[in-house]
Amino acid sequence: MIPPTCQNADPFRFFRAKLPDRPFIVAQLGQSLDGRIATLTGDSKYIGSRPSLAHLHAIRAHVDAVVVGIGTVLADDPKLNVRLCEGPNPARVVIDAKGRLPAAAQCLDGSDGARRIVLRGPDARGEALPAGVEVHRLPISAAGRFDLVELARALRHLGFARVLLEGGAAMISQAIDAGIVDRLHLMVSPVLIGSGQPGLELEPVRRLADARRPAVEVTLLGEGEVLFDCDLS
């Protein structure tokens, strides 16, 4: 029998707009038992098995837009659509401040009718993108990055009330530090990598008393995979 602490209600019941100036934001991260998201060579396909992948697709089906950084697109070329469950395809948003996005990226395929949006810096250039792809310009810092609080506001102005930050881990970490992530869906798979790229890397704290201790609901996804649904609001 599953312990009562693992029998939580529908995890998507929290997915509702709360603020007028930014969307509800859920971030997801899949990692190994020892907190790794890739090997030393960058290989990350696939740490999770079908239960965690199915949950990721279910998250996509419950949001208006899925957002990824350019690093995730270049490394994994994800489709960012819904295939492993029933539900609509969300809009696909790529953060591409410097114009590095390939026109052939799978997430730019518009055959399913979903919106495709690319966020770029004011002067960024790049390959000509497929017809129908929206390009929106946002200010960037001297380091060539977007202010994530302003980016969240821009997503709300684009009409999105519920947004999934799907990757990469650095962007998710920065978004948590910026205070714009409401829920974190951390999926842990029964694999030990031993070394490689760590998952979350947040601003350091000096004392454990200063560490975040979010309320957490736990769900056993199957095949040894566990979802930690963390309230960061």
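Quantities reported herein were computed from a predicted structural model and do not represent experimental measurements.

Draft legend 1. View of the pattern of salt bridges. Counted under the stated rule, the structure contains 13 salt bridges. Of the charged contacts in the structure, one is a salt bridge between Arg 153 and Glu 150, with a shortest N-O distance of 2.5 Å. Remark: Glu 150 and Arg 153 occur in helix α3 (residues 148-157); sequence separation between them is 3 residues, near one turn of the helix. Judged by relative accessible area, which is 30%, Arg 153 ranks as partly exposed. Judged by relative accessible area, which is 44%, Glu 150 ranks as partly exposed. For Arg 207, the salt bridge identified is with Asp 210, shortest N-O distance 3.2 Å. A relative accessible area of 51% means that Arg 207 is categorised as exposed. What emerges from the salt-bridge pattern is a single network uniting Asp 21, Glu 150 and Arg 153.

Draft legend 2. Structural view of the packing of aromatic side chains. All told, the structure shown has 2 aromatic pairs when counted by the stated rule. Here the aromatic rings of Phe 12 and Phe 15 are separated by 5.3 Å at their centres, their planes lie at 85 degrees, and the arrangement is edge-to-face. Both residues of the pair, Phe 12 and Phe 15, count as buried. Ring centres of Phe 15 and Phe 24 lie 5.2 Å apart, and the angle between their planes is 40 degrees; this geometry places the pair in the tilted category. Grouping residues by exposure puts Phe 15 and Phe 24 together as buried.

Draft legend 3. Representation of the layout of surface pockets in the model. Its volume calculated, the second largest pocket comes out at about 160 Å³. Around the second largest pocket, the lining residues are Ile 176, Leu 184, Leu 186, Leu 200, Leu 202, Arg 212, Pro 214, Cys 230 and Leu 232. Broken down by class, the residue content of the lining of the second largest pocket amounts to 8 nonpolar, no polar and 1 charged.

Draft legend 4. Region of interest: the nonpolar core. Val 67, Val 93, Leu 119, Leu 151, Phe 160, Leu 165 and Val 181 are the most contacted members of the largest nonpolar core, which has 34 residues in total. The set of elements that each furnish at least two residues to this core consists of β1 (24-32), β3 (65-69), β4 (91-95), β5 (116-120), α3, β7 (162-167), α4 (169-178) and β8 (183-189). If we skip the residues at most four places from it in the chain, Val 93 touches Ala 65, Val 66, Val 67, Val 68, Ile 117, Leu 119, Leu 155 and Phe 160. Grouped together as the second largest cluster of nonpolar side chains are 24 residues, Ala 58, Val 66, Leu 80 and Leu 164 included.

Draft legend 5. Molecular detail of helix α1 (residues 50-61). Here α1 spans 16 Å end to end across 12 residues, near enough to the 16 Å set by a 1.5 Å rise per residue. Across the 12 residues that make up α1, a large majority, 9, are buried. All of the buried residues in α1 are Pro 51, Ser 52, His 55, Leu 56, His 57, Ala 58, Ile 59, Arg 60 and Ala 61. For α1, the secondary structure elements touched by its buried residues are β1, β7, β8, β10 (215-222) and β11 (225-231).

Draft legend 6. Region of the structure containing the pairing of β10. One ladder, built from 7 bridges, connects β10 with β11; its direction is antiparallel. Of the residues in β11, the one forming a bridge with Leu 220 is Val 226. Hairpin remark: β10 followed by β11, antiparallel, with 2 residues in the connecting loop; positive phi at Glu 223, about 55 degrees.

Draft legend 7. Highlighting empty space enclosed by the protein. Under the definition given, this model contains 1 cavity of 30 Å³ or more. The computed volume of the largest cavity comes to approximately 40 Å³. Taken together, Ile 25, Leu 148, Leu 151, Ala 152, Leu 155, Leu 165, Met 171, Ala 175 and Ile 180 make up the full set of residues lining the largest cavity. Here the residues of the lining of the largest cavity sort into 9 nonpolar, no polar and no charged.

Draft legend 8. Examining the environment of Asp 182 more closely. Relative to the helices and strands, Asp 182 resides in the loop between α4 and β8. The class for Asp 182 is buried, based on a relative accessible area of 4%. C-alpha of Asp 182 to C-alpha of Leu 119: the two residues are 63 residues apart in sequence and 22 Å apart in space.

Draft legend 9. Quick look at the environment of Phe 160. With respect to the helices and strands, Phe 160 occurs in the loop between α3 and β7. Along the sequence, Phe 160 and Lys 98 sit 62 residues apart, while their C-alpha atoms lie 23 Å from each other. What Phe 160 contacts, discounting residues up to four positions off in sequence, is Pro 23, Asp 64, Ala 65, Ala 91, Val 93, Arg 115, Ile 117 and Leu 155.

Parameters and conventions
- Residues numbered from 1 in each chain as written.
- Predicted model: local features only at pLDDT ≥ 70, side-chain atom pairs only at ≥ 80, totals over all residues.
- Heavy atoms only, no water.
- Salt bridge = Lys/Arg side-chain N within 4 Å of Asp/Glu carboxyl O.
- Helix = DSSP H or I, 4+ residues; strand = E, 2+ residues; numbered from the N terminus.
- Buried < 20%, exposed > 50% of the residue type's maximum accessible area, 1.4 Å probe, protein only.
- Phe/Tyr/Trp six-rings, centres within 6.5 Å; stacked < 30°, edge-to-face > 60°.
- 1 Å grid on protein atoms, 1.4 Å probe; cavity = no way out; pocket = protein on both sides within 12 Å on 5 of 7 lines; lining within 4 Å.
- Points joined across faces, edges and corners; volume = space filled by probe spheres on them.
- Nonpolar A, V, L, I, M, F, W, Y, C, P; charged D, E, K, R; others polar.
- Core = buried A, V, L, I, M, F, W, Y, C linked by side-chain atoms within 4.5 Å.
- Contact = heavy atoms within 4.5 Å.
- Expected span 1.5 Å × (residues − 1).
- Pairing = 2+ DSSP bridges.

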